[in-house]
Amino acid sequence: MNALLSVSDKAGILEFAQALHGLGIRLLSTGGTAQLLQSHGLPVTEVAEVTGFPEMLDGRVKTLHPKVHGGLLARRDLPEHMAALAAHGIATIDLLVVNLYPFEKTVARAGCTLEEAIENIDIGGPAMVRSAAKNWKDVAVLTDASQYEGVLAELRAQGKVSDRTRFALSVAAFNRISNYDAAISDYLSSLQEDGSRSLFAAQANGRFVKLQDLRYGENPHQQAAFYRDLYPAPGSLVMAQQLQGKELSYNNIADADAAWECVKSFDQCACVIVKHANPCGVATGKHPLEAYGKAFQTDPTSAFGGIIAFNTTVRGEAAQAIAKQFVEVLIAPEFSEDALAVFRNKPNVRLLKIALPPGGASDWDQGRNAVDVKRVGSGLLMQTADNRELTLADLKVVTARQPTPAELQDLLFAWKVAKYVKSNAIVFCKDGMTMGVGAGQMSRLDSARIAGIKAQHAKLSLQGTVVASDAFFPFRDGLDVVVDAGATCVIQPGGSMRDNEVIAAADERGVAMVFSGVRHFRH
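About the criteria used
- Residues numbered from 1 in each chain as written.
- Predicted model: local features only at pLDDT ≥ 70, side-chain atom pairs only at ≥ 80, totals over all residues.
- Heavy atoms only, no water.
- Helix = DSSP H or I, 4+ residues; strand = E, 2+ residues; numbered from the N terminus.
- 1 Å grid on protein atoms, 1.4 Å probe; cavity = no way out; pocket = protein on both sides within 12 Å on 5 of 7 lines; lining within 4 Å.
- Points joined across faces, edges and corners; volume = space filled by probe spheres on them.
- Nonpolar A, V, L, I, M, F, W, Y, C, P; charged D, E, K, R; others polar.
- Pairing = 2+ DSSP bridges.
- Contact = heavy atoms within 4.5 Å.
- Axes fitted to C-alpha atoms, helices over the stretch in contact; angles between N-to-C directions.
- Salt bridge = Lys/Arg side-chain N within 4 Å of Asp/Glu carboxyl O.
- Buried < 20%, exposed > 50% of the residue type's maximum accessible area, 1.4 Å probe, protein only.
- Polar contact = N/O pair within 3.5 Å; in protein donor to acceptor, adjacent residues only side chain to side chain.
- Right-handed = clockwise from strand over helix to strand, strands pointing away.
- Domains from an automatic or database assignment.

1. Examining unusual backbone geometry
For the peptide bond that leads from Ser423 to Asn424, omega is -5 degrees, which places it in the cis range. Among the structural elements, Asn424 can be located in the loop between helix H16 (405–418) and strand E17 (426–429). Located in the positive-phi region is His276, a residue other than glycine, with phi close to 50 degrees. Positionally, His276 belongs in the loop between strand E9 (270–275) and strand E10 (278–284). Positive phi, close to 60 degrees, is recorded for Lys459, a residue that is not glycine. Relative to the helices and strands, Lys459 resides in the loop between helix H17 (444–457) and strand E19 (465–469).

2. Observations regarding empty space enclosed by the protein
Empty space among the atoms becomes apparent when a probe as large as a water molecule is rolled across them. For the structure on display, the rule yields 2 cavities of 30 Å³ or more. Approximately 60 Å³ is the volume found for the largest cavity. Lining of the largest cavity is provided by Leu214, Arg215, Tyr216, Glu247, Leu248, Ser249 and Tyr250. Of the residues assigned to the lining of the largest cavity, the class counts are 4 nonpolar, 1 polar and 2 charged.

3. Here's the deal with the sheet that holds strand E18 (residues 434–438)
Across the sheet, which stays open at both edges, the 6 strands sit in the order E16-E21-E20-E19-E17-E18 with mixed pairing between neighbours. With one partner strand each, in any of the chains shown, strand E16 (396–397) and E18 form the two edges of the open sheet. Pairing of E16 with strand E21 (residues 512–515), which is carried by 2 bridges, proceeds in the antiparallel orientation. Each residue of the ladder has a partner; that of Val397, found in E21, is Val514. Of the strands in this sheet, strand E20 (487–492) and E21 touch helix H19 (residues 499–509), which is tilted by about 150 degrees from E21.

4. Here we look at the pattern of salt bridges
Counted by the stated rule, this structure contains 22 salt bridges. Close ionic contact of Glu104 with Arg176 constitutes a salt bridge, the shortest N to O distance being 2.8 Å. You can see Glu104 sitting in helix H6 (residues 103–108) and its partner Arg176 sitting in helix H10 (residues 163–190), a full 72 residues away along the chain. Arg176 sits in the partly exposed class, given a relative accessible area of 23%.

5. Observations regarding the environment of Asn120
By the secondary structure assignment, Asn120 is in the loop between helix H7 (114–119) and helix H8 (124–134). By relative accessible area, Asn120 is classed as buried at 19%. Spatially, the C-alpha atoms of Asn120 and Gly438 are 53 Å apart, while their sequence positions differ by 318 residues. Every residue in contact with Asn120, bar those within four places of it in the chain, is listed here: Tyr101, Pro102, Phe103, Thr106 and Tyr180. Here the side chain of Asn120 touches Glu116 through a polar contact of 3.0 Å, landing on its backbone oxygen.

6. A short note on the pairing of E21
Every second residue of E21 is oriented toward a common face, with Ala512 and Val514 on one face and Met513 and Phe515 on the other, all of them buried. As judged from the 4 bridges shared by E20 and E21, these two strands associate in the parallel manner. Bridging from a neighbouring strand, Cys489 pairs with Ala512 of E21. As a crossover connection, the stretch from E20 through H19 into E21 is right-handed.

7. Examining the domain arrangement of the protein
Domains assigned within the protein are domain 1 (2–190), domain 2 (246–358) and domain 3 (392–515). Once you take the C-alpha centre of each, domain 1 and domain 2 turn out to be 48 Å apart.

8. Quick look at helix H1 (residues 13–22)
Quick reminder: α-helices carry 3.6 residues per turn. Residues three or four places apart thus point the same way. All buried positions along H1 are accounted for by Ile13, Leu14, Phe16, Ala17, Ala19 and Leu20. Where H1 is buried, its residues contact strand E1 (2–7), strand E2 (26–29), helix H2 (31–39), strand E4 (95–99), strand E5 (140–142) and helix H9 (148–158). Positioned one or two residues after H1, Gly24 has a phi angle of 80 degrees, which is positive.

9. Here we look at the layout of surface pockets
Computed from the structure, the second largest pocket encloses a volume of approximately 620 Å³. Asn99, Thr143, Asp144, Arg176 and Tyr231 are, among the 20 residues lining the second largest pocket, the residues nearest its centre. Of all the secondary structure elements, the ones that give two or more residues to the lining of the second largest pocket are H6 and H10. Ranked by the residues each element gives to the lining of the second largest pocket, the list is headed by H10, at 4 residues. In the lining of the second largest pocket, the residues fall into 9 nonpolar, 6 polar and 5 charged.

10. What about the side chain of Ser516?
One can find Ser516 in the segment after E21. From its side chain, Ser516 meets the backbone oxygen of Val518 in a polar contact 3.0 Å long. For Ser516, the contacting residues outside a window of four places in its chain are Leu390, Asp394, Trp415, Ile491, Gln492 and Pro493.

Below, the structure written as structure tokens:
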């Protein structure tokens, strides 16, 4: 049996080669890999000896030769293939180990030049991988060090690699080549004339890995599966570890993402309850129990069967309170042992543990997608993600009455929540707690009225609340509705042709109004 080893990332290759040699497998190699193995006393035949042709063009050409590809592509079950090998003195290659030039790492490095990127485009490696993967019935192709041990175990146990493993390795190899080519396409098609890179490449090459098949999609007649980015952001939902509970559904995952994205945007201890993709209760507190109590109080009816997310460790007291209601999914960075003990008596509750992104809520680049994608008939809409965060310095007071310091803090809180509510969004808040949420209506007036109705049902007073509107008030009537409900302070983007009329109405009603200068449509 002959094995050809040619790797850029040499982690584990020496030990693997030693094991192959110990099994009596002949080693072939190239360049730096051959030097490494030879320096440790392994008998290695360089590919140049096999081909009778030296490496040339600074290593650009070394394995592109019939004596390599013939040995990889020949079908052992076809006499004419084997006769052709014999006629030309070509030996079979039964095992190929190749990982590719580090193109992705190279172009991810700040200051990478086009010349550096080009020189890290592997040619011979992908060609050999494709040849071996195509001929998987006769050749085992390894493209990652994580595959070494499993292949060695089979070689030791049965003297060969099983058909099932060779096919799985072939699939993995073609996936690797596909991802590699897509990375090259992404880079080259994003280059601008000035050498900078566009966020939106001329060709979009999405690469996703399936995590699981789902029982069905949004509805039982729809099929579905859950995928993650090839290189997921730390702290994102796909990094979740499910500690217990039933299998996640399509809707569970969609709502869990909405809850997790919202809650991790807070620095303070926070709880978010989501139902049908909208936050129905959001609050901060001194500890998880307080935050949960306030969030639940916003809309106990909608919270039934909802998704609950915390940005801090859930402990026993909070777990006992949550366990009294019907919850589909509970998300947190960590669960204490006494909290886990509470939910062992609720085995259907899905517990998801997700590490917060390294930078925390203050670093919006951590754990968040840079680009949002939406399917539309045979196409994609792509945009930079809505990762804009406001500070007090961004707010512009446009009324005679100034917000109080407490109102300013509540305005920022309400604005943060409104970003995660479907448009048209109206959010009443007070003391770090949502008091009424109106979401997803065609009319901003209707959203405002619904928020008020929600507060009435929850027996919450809206007197002295602040209100966030995700887009401007086109007329004063929307402002009048929220002020009639009890709001004393409003935050909105501004930008309407009738801004002056709305500001005058706010002055007439004696309320404060600030402009954010930022709109937060969420469709």
